[in-house]
Protein chains: 2
Amino acid sequence: MTSNSILFENVDWIVTQNPRREILRNKSVYIEDGKIVEIGDSKLDADHIINGRGKVLLPGLINSHTHSSMTLFRGYADDMELNHWLEDKIWPLESKLKPHDCYLGSLLACLEMIRFGITCFNDMYIYVDDIAKAVKEIGLRCFLGEVIFDWNIGKQLPYSDKFTKKWLNDDLITPLVNMHAPYSCSDETLLKLKETADKYNILMHMHVSETEKEVRDFQKTRGKTPVEHLDRLGILNDKLIAVHCNWLTNKDVDIFSRRNCSIVHCPVSNMKLANGRMPPLKRIFEKNIRVGLGTDGCASNNNLDMFEEMKVCSLINKFQERDPTFISAQKALDLVTIEPAKIFEIDNKIGSVEKGKIADLILVDFRKSHLHPVHGKNTIISNLVYSCQGSDVDTTIINGKVLMKDREILGIDEEKIFKEVQRAVEKIISN
Amino acid sequence: MTSNSILFENVDWIVTQNPRREILRNKSVYIEDGKIVEIGDSKLDADHIINGRGKVLLPGLINSHTHSSMTLFRGYADDMELNHWLEDKIWPLESKLKPHDCYLGSLLACLEMIRFGITCFNDMYIYVDDIAKAVKEIGLRCFLGEVIFDWNIGKQLPYSDKFTKKWLNDDLITPLVNMHAPYSCSDETLLKLKETADKYNILMHMHVSETEKEVRDFQKTRGKTPVEHLDRLGILNDKLIAVHCNWLTNKDVDIFSRRNCSIVHCPVSNMKLANGRMPPLKRIFEKNIRVGLGTDGCASNNNLDMFEEMKVCSLINKFQERDPTFISAQKALDLVTIEPAKIFEIDNKIGSVEKGKIADLILVDFRKSHLHPVHGKNTIISNLVYSCQGSDVDTTIINGKVLMKDREILGIDEEKIFKEVQRAVEKIISN
């Protein structure tokens with residue numbers, strides 16, 4: 001027994017997500033100093049012993065795209081046209097945000113994510129110093145960078161640079177370059193940001209081809225799609241994470257494949273904003289492009305539940321393709337575990353339950369009426385994707401640290417945070 | 001204080017769903033002998049006092065179409081072509097079902113529905129005597145009838161007739177006529193079933209125009225859509241509840257409107273089976289047709305969560321119509337409360353929180369990270385539809401009886417039921 005060990009014992013099912021997608025029955029997992037040391041029949045003693053009877057152990061889920069602080073605007077404005085929603089509701093509020101507001105919004109998001117089994121997320125917003133503070137306080141794994149547009153690059157590029165240097169070697173927070181979108185960043189801005197990414201050898205993260213209008217406008221004014229334009233500029237490489245991508249052309253997909261870019265798909269948000277099309281995933285998978293799923297921000301979702309995101313991803317893509325075999329339960333689970341781990345270049349560290357990997361793990365409680373019966377291994381995956389909801393997660397471990405056990409978030413006064421968030425939001429809106 | 005009274009006190013928000021869709025703040029609801037007697041500031045003493053602080057009270061949700069016993073097949077076969085799924089997986093198992101299996105499956109479904117805040121459901125399956133037994137044991141409100149096809153009408157019509165007579169005046173179970181579908185029931189069968197419905201003055205419930213193939217086949221062989229055919233036969237009237245209706249033509253919608261029929265929409269199931277289109281709801285609403293939502297059976301959903309169904313209904317119809325304003329949160333909530341109460345001709349009894357109505361009520365616990373902050377009344381509806389999940393329901397009352405309080409189902413040994421279900425299912429599959 002070391003000073004920092006955890007034993008999951010008698011786990012009903014372990015969904016490993018290893019290369020053979022093995023599912024183990026009645027096994028234990030032993031963790032030491034944050035890493036998985038043994039999977040099998042360990043009876044070793046440990047500091048924390050967690051009973052897995054009736055439960056399913058799986059890798060923590062990865063939310064590949066969100067704007068965590070936007071929990072502040074959850075339910076504030078729904079069922080509106082995109083432009084009206086942004087221009088009359090969201091942007092006016094965002095313009096009033098102070099750093100501490102972003103801290104509070106992100107704190108609330110982190111609580112929700114832990115509760116719903118998300119152990120790692122990719123965040124794009126403003127005041128990232130304050131977001132990083134929240135993320136470190138709670139203890140999630142996070143990819144984070146200040147979002148840059150043409151209008152803020154002068155001020156925010158140095159801020160971003162300082163942020164990157166500060167977090168470059170952190171064990172939980174990894175800085176990346178957040179360029180907002182091809183339509184909101186000039187060629188000059190994009191090239192400058194690419195230069196930064198190259199300099200630090202970090203990832204780039206950008207909204208691309210979300211709406212039809214965006215693509216049509218590009219084609220009209222430049223004679224190219226946004227992706228063709230980015231390619232011509234020399235922005236595209238294996239560090240580029242393109243989010244949404246609903247309106248990619250076949251040629252765009254081929255370019256992304258050739259340049260080894262990654263794609264993040266946000267089905268709930270894109271349906272809610274009625275963007276009219278999902279990314280052409282069949283072709284994207286054929287071309288071996290890495291894909292992850294994201295909730296997007298809470299203002300357009302309106303939660304951070306990756307179980308819901310998995311299910312809706314499977315449903316909407318089956319529907320769009322008119323193919324009930326498309327995005328199987330196993331595939332959906334891959335898109336929130338091992339696949340995005342590849343996008344973030346940490347598949348050697350997380351994304352599966354394997355010896356030597358970091359313990360970013362969750363337990364899902366299957367002792368519930370909506371998760372019965374069980375017909376064997378395949379039902380476990382089906383139930384996780386098609387029957388579960390975020391609230392079924394009862395234990396969350398990140399970096400070998402128990403953050404939630406039996407649905408209790410350890411060492412955090414949630415009520416106090418809810419009250420502070422409520423006060424902050426009322427002040428923003430009344431101002 | 002009477003011998004059977006309940007007081008919900010200090011309820012944060014009451015979503016009345018009354019004709020003015022009022023939302024009340026910090027009020028109480030007093031219930032006596034199963035009925036709502038007072039909404040306001042009552043300080044009356046009661047047998048049960050339920051604290052509503054931090055919670056939202058709303059009418060119990062109505063699941064307008066399911067096959068409750070199919071919980072048995074949850075996760076047994078997913079991601080398959082419809083015919084392959086039915087012919088190779090579902091039908092072979094169904095052929096082995098015994099009455100007690102259907103009892104157990106329905107028992108499990110009732111537990112799940114109580115947990116997720118469903119107080120009333122419309123069920124279509126076999127061995128309804130045994131399903132009724134389960135429903136009565138748990139205490140849900142249910143519309144129920146033996147499903148009839150050409151191949152079983154000889155034996156099942158007398159069975160169904162006896163069932164109808166038995167339950168005609170029950171306070172929870174209401175018999176209806178379940179005709180399977182226009183493609184599986186001959187004209188003679190349909191007319192005989194219509195006669196039964198007329199005789200007892202009860203509702204009729206049927207799958208209609210679920211798949212494109214069904215409609216094309218009808219048009220090819222009879223020169224008419226299924227709806228045109230049903231109309232010509234004289235089956236359509238205000239008692240007819242048509243489920244799915246994905247492939248209705250404009251003319252079909254006009255016929256349904258003229259005949260005053262009702263429609264049930266099952267978005268999750270239809271997306272999962274990749275039926276390719278949702279019902280033309282814009283036209284359906286324009287024509288003032290009553291609409292409800294249903295989960296369909298657990299084999300094609302794979303849960304009974306009407307919160308999920310509301311959200312997905314809003315998402316998929318926004319997506320299909322490319323209109324983010326379509327199916328607002330308020331509209332989605334209407335489709336699982338007061339609107340289906342009209343379909344089932346009990347809107348004078350349930351579907352809203354109003355004085356004189358029966359107490360079919362649920363409390364949703366908003367003291368959770370994914371349900372914060374609250375920007376005022378409208379957020380309550382948005383959060384219920386876009387952020388909640390079934391597990392957020394913490395109290396369920398049906399017919400004035402407390403079935404679940406603080407997430408504990410009273411007087412029922414859930415574990416025992418799970419085990420019996422598991423044993424039954426293993427026997428069915430291994431036989």
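Residues numbered from 1 in each chain as written. Chains lettered and ligands numbered in written order. Predicted model: local features only at pLDDT ≥ 70, side-chain atom pairs only at ≥ 80, totals over all residues. Heavy atoms only, no water.

K.L.:
An account of the overall build of chain A is needed here, citing residue identities and associated values.
P.N.:
When you go through chain A residue by residue, the secondary structure sums to 15 helices and 18 strands. Taken over C-alpha atoms, the radius of gyration comes to 21 Å for chain A, in line with the 22 Å a tight globule of 431 residues would show. Viewed in the frame of its principal axes, chain A has a C-alpha envelope of about 65 × 45 × 40 Å. Long-range pairs, those at least 24 residues apart, make up 73% of the contacts in chain A with a sequence separation of at least 6. Working note: accessible area of chain A is about 14,700 Å², and carbon and sulfur atoms make up 47% of it. Here chain A carries 57 positive and 62 negative side-chain charges, and the mean point of each set is 2 Å from the other. (Helix = DSSP H or I, 4+ residues; strand = E, 2+ residues; numbered from the N terminus. Rg over C-alpha atoms; globule rule 2.2 N^0.38 Å. Contact = heavy atoms within 4.5 Å. Areas by Shrake-Rupley, 256 points an atom, 1.4 Å probe, with all protein chains shown as cover. Lys, Arg positive; Asp, Glu negative; His and termini not counted. Charge placed at Lys NZ, Arg CZ, Asp CG, Glu CD.)

K.L.:
Run through the interface of chain A and chain B, naming residues and quoting values.
P.N.:
Each partner contributes to the interface: chain A provides 71 residues, whereas chain B provides 71 residues. Of the roughly 5,400 Å² buried where chain A meets chain B, counting both sides, 57% is carbon and sulfur surface. Of all residues in chain A, the largest losses of buried area upon contact with chain B belong to A:Asp79, A:Phe319 and A:Ser369, amounting jointly to 14% of the total for that side. On inspection of chain A and its partner chain B, the count reaches six salt bridges. The salt bridge partner of B:Glu308 is A:Lys311, with a shortest N-O separation of 2.4 Å. Between chain A and chain B we count 38 residue pairs in polar contact (both at pLDDT 80 or more) in total. Elements that contribute at least two residues to the side of chain A that touches chain B include exactly helix H2 (99–115), helix H9 (267–272), helix H11 (306–321), helix H14 (377–387) and helix H15 (414–430) of chain A. It is H11(A) that provides the largest number of residues to the side of chain A that touches chain B, a total of eight residues. (Buried area = accessible area lost by both parts, 1.4 Å probe. Salt bridge = Lys/Arg side-chain N within 4 Å of Asp/Glu carboxyl O. Polar contact = N/O pair within 3.5 Å; in protein donor to acceptor, adjacent residues only side chain to side chain.)

K.L.:
Lay out the packing of helix H5 (residues 187–200) of chain A against helix H7 (residues 226–233) of chain A with the relevant residues and their values.
P.N.:
Residue and element names in this part refer to chain A. The geometry of H5 relative to H7 is characterised by a closest axis approach of 11 Å and an angle of 60° between their N-to-C directions. Regarding the angle of H5 to H7, the classification is oblique. Note on packing geometry: the crossing formed by H5 with H7 is right-handed. Touching Asp187, Leu190 and Leu191 of H5 are His229, Leu230 and Leu233, all from H7. For the contact of H5 with H7, the residue count by class is four nonpolar, one polar and one charged. (Axes fitted to C-alpha atoms, helices over the stretch in contact; angles between N-to-C directions. Parallel < 35°, antiparallel > 145°, perpendicular 65-115°, else oblique. Left-handed = near helix turned anticlockwise from the far one by under 90°. Nonpolar A, V, L, I, M, F, W, Y, C, P; charged D, E, K, R; others polar.)

K.L.:
An account of the relation of the copies chain A and chain B is requested, with residue identities and associated values reported.
P.N.:
After a rotation of 180° and a shift along the axis of 0.0 Å, chain A superposes on chain B with an RMSD of 0.0 Å. Both copies of the chain, as the preceding transformation shows, are related through a two-fold rotation axis. Same-surface contact between copies: 100% of interface residues of chain A are shared with the interface of chain B. (Least-squares fit on C-alpha atoms with pLDDT ≥ 70 in both.)

K.L.:
Can you tell me about the pairing of strand E16 (residues 393–398) of chain B, naming the residues and giving the values?
P.N.:
Residue and element names in this part refer to chain B. Of all six residues in E16, six are buried; the element is thus mostly enclosed. Pairing of strand E15 (residues 361–365) with E16, which is carried by four bridges, proceeds in the antiparallel orientation. Along E16, the bridge assignment pairs Leu363 with Thr395. Pairing of E16 with strand E17 (residues 401–405) involves three bridges; the strand directions are antiparallel. Within the sheet, the bridge partner assigned to Ile398 lies in E17 and is Lys401. (Buried < 20%, exposed > 50% of the residue type's maximum accessible area, 1.4 Å probe, protein only. Pairing = 2+ DSSP bridges.)

K.L.:
How would you sum up the packing of aromatic side chains? Please name residues and give values.
P.N.:
Scanning the model with the defined rule gives eight aromatic pairs over all chains in all. Ring plane angle 25° and centroid distance 5.2 Å describe the contact between A:Phe149 and A:Trp151, whose orientation is recorded as stacked. You can call A:Trp151 exposed: its relative accessible area is 68%. The ring of B:Tyr386 carries A:Lys272 above its face, with NZ or CZ at 4.8 Å from the centroid. Here the basic side chain of A:Lys282 rests over the ring of A:Phe326, its NZ or CZ set 5.0 Å away from the ring centre. (Phe/Tyr/Trp six-rings, centres within 6.5 Å; stacked < 30°, edge-to-face > 60°. Lys NZ or Arg CZ within 6 Å of the ring centre and 35° of its normal.)

K.L.:
Outline the environment of B:Val208, listing residues and values.
P.N.:
Residues and elements named next belong to chain B. Along the chain, Val208 falls in strand E11 (residues 204–208). Val208 gets classed as buried once you look at its relative accessible area, which sits at 0%. Sequence separation between Val208 and His244 is 36 residues, and the spatial gap between their C-alpha atoms is 6.2 Å. If sequence neighbours within four positions are ignored, Val208 has contacts with Pro182, Glu214, Val227, Leu230, Ala242, Val243, His244, Cys245 and Phe256.

K.L.:
I'd like a rundown of unusual backbone geometry, residues and numbers included.
P.N.:
A cis amide bond, omega 10°, links A:Asn301 with the succeeding residue A:Asn302. Among the structural elements, A:Asn302 can be located in the loop between strand E14 (290–293) and H11. Cis geometry marks the peptide bond from A:His372 to A:Pro373; its omega dihedral reads -10°. On the secondary structure map, A:Pro373 appears in the loop between strand E15 (361–365) and H14. Residue B:Asn10 is not a glycine yet carries a positive backbone phi of 55°. You can see B:Asn10 is positioned in strand E1 (residues 5–15). Positive phi outside glycine occurs at B:Asn399, with the angle close to 55°. On the accessibility criterion, B:Asn399 (25% relative accessible area) is partly exposed.

K.L.:
Give a detailed account of the side chain of B:Ser391, specifying residues and quantitative values.
P.N.:
Residue position: B:Ser391 is located in the loop between helix H14 (377–387) and E16. Looking at B:Ser391, its side chain comes within polar contact range of the side chain of A:Gln389, at 2.6 Å. With near-sequence residues (within four places) excluded, B:Ser391 lies in contact with A:Gln389, A:Ser391, A:Asp392, B:Phe116, B:Lys368 and B:Arg407.

K.L.:
Give a description of the domain arrangement of chain A that names residues and reports values.
P.N.:
Residue and element names in this part refer to chain A. Taken domain by domain, chain A consists of domain 1 (5–60 + 359–409) and domain 2 (61–343). The C-alpha centroid of domain 2 is placed 28 Å from the C-alpha centroid of domain 1. Contacts between the two partners involve 27 residues from domain 1, matched on the other side by 32 residues from domain 2. Summing both sides of the interface, domain 1 and domain 2 together bury roughly 2,400 Å²; the carbon and sulfur share of this comes to 60%. Counting the surface domain 1 buries against domain 2, the share from its top three residues, Gln17, Val385 and Tyr386, is 25%. Residues Asp360 and Arg141 are paired through a salt bridge, measuring 2.7 Å at the closest nitrogen-oxygen approach. Across the contact surface, domain 1 and domain 2 share 13 residue pairs in polar contact (both at pLDDT 80 or more). (Domains from an automatic or database assignment.)

K.L.:
Give a description of helix H6 (residues 212–222) of chain A that names residues and reports values.
P.N.:
Residues and elements named next belong to chain A. Considered for burial, the residues of H6 that qualify are Glu214, Val215 and Phe218. Seen end-on, H6 carries its buried residues on one side only, within an arc spanning 95°. For H6, the exposed residues set more than 90 degrees away from the buried face come down to Lys213, Lys220 and Thr221. Tucked inside the fold, the buried residues of H6 contact strand E11 (204–208) and H7. (Arc of directions from axis to C-beta.)

K.L.:
I'd like a rundown of the pairing of strand E7 (residues 118–125) of chain A, residues and numbers included.
P.N.:
One face of the sheet, then the other: side chains in a regular strand alternate in exactly this way. Residue and element names in this part refer to chain A. Along E7, eight of the eight residues are buried, which leaves the element largely enclosed by surrounding structure. Both strand E6 (residues 61–66) and E7 contribute to a ladder of four bridges, which runs parallel. Within E7, the position partnered with Leu61 by the bridge is Ile118. Here E7 runs beside strand E8 (residues 141–148); their pairing, made up of six bridges, is parallel. Among the inter-strand pairings, Asp123 is bridged to a residue of E8, identified as Leu144.

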